[in-house]
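Observations on the three-dimensional arrangement
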Amino acid sequence: IAAGVALTGAALVSTAIFDRFNSAKQAASAAKGAGTDPEKFIAIWRNFIGTGAEMSDLGDGLAKMQQKLLASESMTTSFGISLYNSMGNLKDVTQIYNEVIAKMATMADAEKQFWGKKLFGSDYASLQKGMAKGPASGELNDEERQMLQTAKVLKSTWGKAVEMWSYAASKITEAALE
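Our subject in this report is the structure included herewith.

Each helix and strand in the chain was counted, giving nine helices and zero strands. Sequence-ordered secondary structure for the chain, helices as α and strands as β, is α-α-α-α-α-α-α-α-α. In the chain, 67% of the contacts between residues at least 6 apart in sequence involve partners at least 24 apart.

Both the distance between ring centres and the angle between the ring planes are used here to describe each pair of aromatic rings. According to the stated counting rule, one finds five aromatic pairs in the structure shown. A ring pair is formed by Trp 45 and Phe 48, whose centres lie 6.3 Å apart and whose planes are at 15°; its orientation type is stacked. The burial state of Trp 45 is the same as that of Phe 48; both residues are buried. Ring geometry for Phe 79 against Trp 115: centres 4.9 Å apart, planes inclined by 70°, an arrangement best described as edge-to-face. With Phe 79 in helix 4 (residues 73–79) and Trp 115 in helix 6 (residues 109–120), the pair connects residues that are 36 residues apart, well separated along the chain. Neither residue differs from the other here; Phe 79 and Trp 115 are each classed as buried. Through successive ring pairs, a cluster of aromatic residues spans Trp 45, Phe 48 and Tyr 97. The positively charged end of Lys 118 is found above the aromatic ring belonging to Trp 115, 6.0 Å away from the centroid.

This part covers the packing of helix 6 against helix 7 (residues 124–131). Between helix 6 and helix 7, whose axes approach to 10 Å, the crossing angle comes to 120°. One way to sum up the angle between helix 6 and helix 7 is to call them oblique. Relative to helix 7, helix 6 is oriented so that their crossing is right-handed. Two secondary-structure elements touch here, helix 6 through Lys 112, Gln 113, Gly 116, Lys 117 and Phe 120 and helix 7 through Tyr 124, Leu 127, Gln 128 and Met 131. The class makeup of the residues in the contact of helix 6 with helix 7 is four nonpolar, three polar and two charged.

Turning next to helix 6. With twelve residues, helix 6 ought to run about 16 Å at 1.5 Å a step, and its terminal C-alpha atoms sit 16 Å apart, in line with that. Those residues of helix 6 that fall on the buried side of the exposure criterion are Trp 115, Gly 116, Leu 119 and Phe 120. With its buried residues spanning 105° around the axis, helix 6 presents them on a single face. Exposed positions of helix 6 whose direction lies more than 90 degrees from the buried face are Ala 110 and Lys 117. Of the surrounding secondary structure, the elements contacted by the buried residues of helix 6 are helix 3 (55–71), helix 4, helix 5 (93–104) and helix 7. Directly after helix 6, the chain includes Gly 121, whose backbone phi takes a positive value near 60°.

Structurally, the position occupied by Thr 94 is in helix 5. The exposure class assigned to Thr 94 is buried, which follows from its relative accessible area of 7%. If we ignore the near neighbours within four places in the chain, the residues touching Thr 94 are Thr 36, Lys 40, Phe 41 and Ile 44.

On to the environment of Ala 63, then. Topologically, Ala 63 is positioned in helix 3. What makes Ala 63 buried here is its relative accessible area of 14%. As a C-alpha pair, Ala 63 and Phe 120 span 57 residues in sequence and 8.5 Å in three-dimensional space.

For the coordinates displayed, the defined rule picks out two salt bridges. Ionic pairing is found between Asp 92 and Lys 40, a salt bridge with its closest N-O pair at 4.0 Å. Placement of the pair is Asp 92 in the loop between helix 4 and helix 5 and Lys 40 in helix 2 (residues 38–45), with a sequence separation of 52 residues. Judged by relative accessible area, Asp 92 falls into the buried class, the value being 17%. In this structure, the salt-bridge partner of Glu 99 is Lys 91, at a minimum N-O distance of 2.5 Å.

Thresholds applied
- Position numbers for residues count from 1 along each chain, tracking the sequence in the order it is written.
- Given that the model is predicted, a residue must reach a pLDDT of at least 70 before its local features are reported, and side-chain atom pairs must reach 80 or more before they are shown or counted; all residues, however, enter totals for whole chains, interfaces and linings.
- Side-chain calculation: all heavy atoms of the structure are included, whereas hydrogens and water are not.
- Counting from the N terminus, the helices are DSSP H or I runs at least four residues long and the strands are E runs at least two residues long.
- Contacts are assigned to residue pairs with any non-hydrogen atoms lying within 4.5 Å of each other.
- Only Phe, Tyr and Trp rings are paired, with Trp represented by its six-membered ring, and only when their centres lie within 6.5 Å; those with planes under 30 degrees apart are stacked, over 60 edge-to-face, the remainder tilted.
- For each residue, the accessible area found with a 1.4 Å probe, counting protein chains only, is set against the maximum for its type, and the residue is called buried under 20%, exposed over 50%, and partly exposed in between.
- A positively charged side chain is recorded as over a ring if its NZ (Lys) or CZ (Arg) lies within 6 Å of the ring centre. The angle to the ring normal must also be within 35 degrees.
- As a rule, the C-alpha atoms of each element are fitted with a line to give its axis, helices using only the stretch in contact, and angles between N-to-C directions run from 0 to 180 degrees.
- Should an angle lie under 35 degrees it is considered roughly parallel, over 145 roughly antiparallel, and from 65 to 115 roughly perpendicular; all remaining angles are considered oblique.
- By convention the crossing between two helices is left-handed if the near helix lies anticlockwise of the far one by an angle smaller than a right angle, and right-handed if it lies clockwise.
- For this classification, the nonpolar set comprises Ala, Val, Leu, Ile, Met, Phe, Trp, Tyr, Cys and Pro, the charged set comprises Asp, Glu, Lys and Arg, and every other residue, Gly included, is treated as polar.
- What a helix is expected to span follows from its residue count: subtract one and scale by 1.5 Å.
- Here the arc refers to the directions that run from the helix axis out to each C-beta atom.
- Here a salt bridge means any side-chain nitrogen of Lys or Arg lying within 4 Å of a carboxyl oxygen belonging to Asp or Glu.

What follows is the structure, encoded as structure tokens:
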């Protein structure tokens with residue numbers, strides 16, 4: 001029985017670490033596609049958890065929003081935001097997103113629908129619930145920081161981690177079979 005408990009415990013721990021790594025890996029991939037860093041992306045993503053949206057939808061939507069705004073100065077002017085900071089540098093896509101969401105919060109529903117579809121294209125439908133929560137806070141919570149840290153450690157030592165996990169799993173399995 002003790003060996004079975006140990007085997008189950010090891011499986012749960014390895015699954016939790018693997019899940020955390022995969023979540024961070026997905027966030028990093030979506031953030032890269034959107035042109036921002038994972039920490040900023042996760043700060044926005046938390047508004048979308050439980051809404052049915054996928055990380056890739058948000059990453060694609062952010063990239064489309066920025067591309068459309070950069071391609072059309074008249075759209076940016078009509079929407080009433082600036083893509084550049086006071087020093088003339090392009091703002092990060094997450095800063096632009098937060099400005100867009102803050103602006104959309106003041107609009108009537110029909111106007112929100114118009115701008116949402118215009119800025120985010122086909123991804124808008126899956127992103128609406130998360131957007132309704134307003135601009136994202138910039139601070140990561142402990143779990144989010146831990147998820148990113150785990151991903152960084154596993155990425156840098158992935159080969160050793162797999163080797164160690166395999167060894168531990170084989171020893172636990174041997175103990176369970178004795």
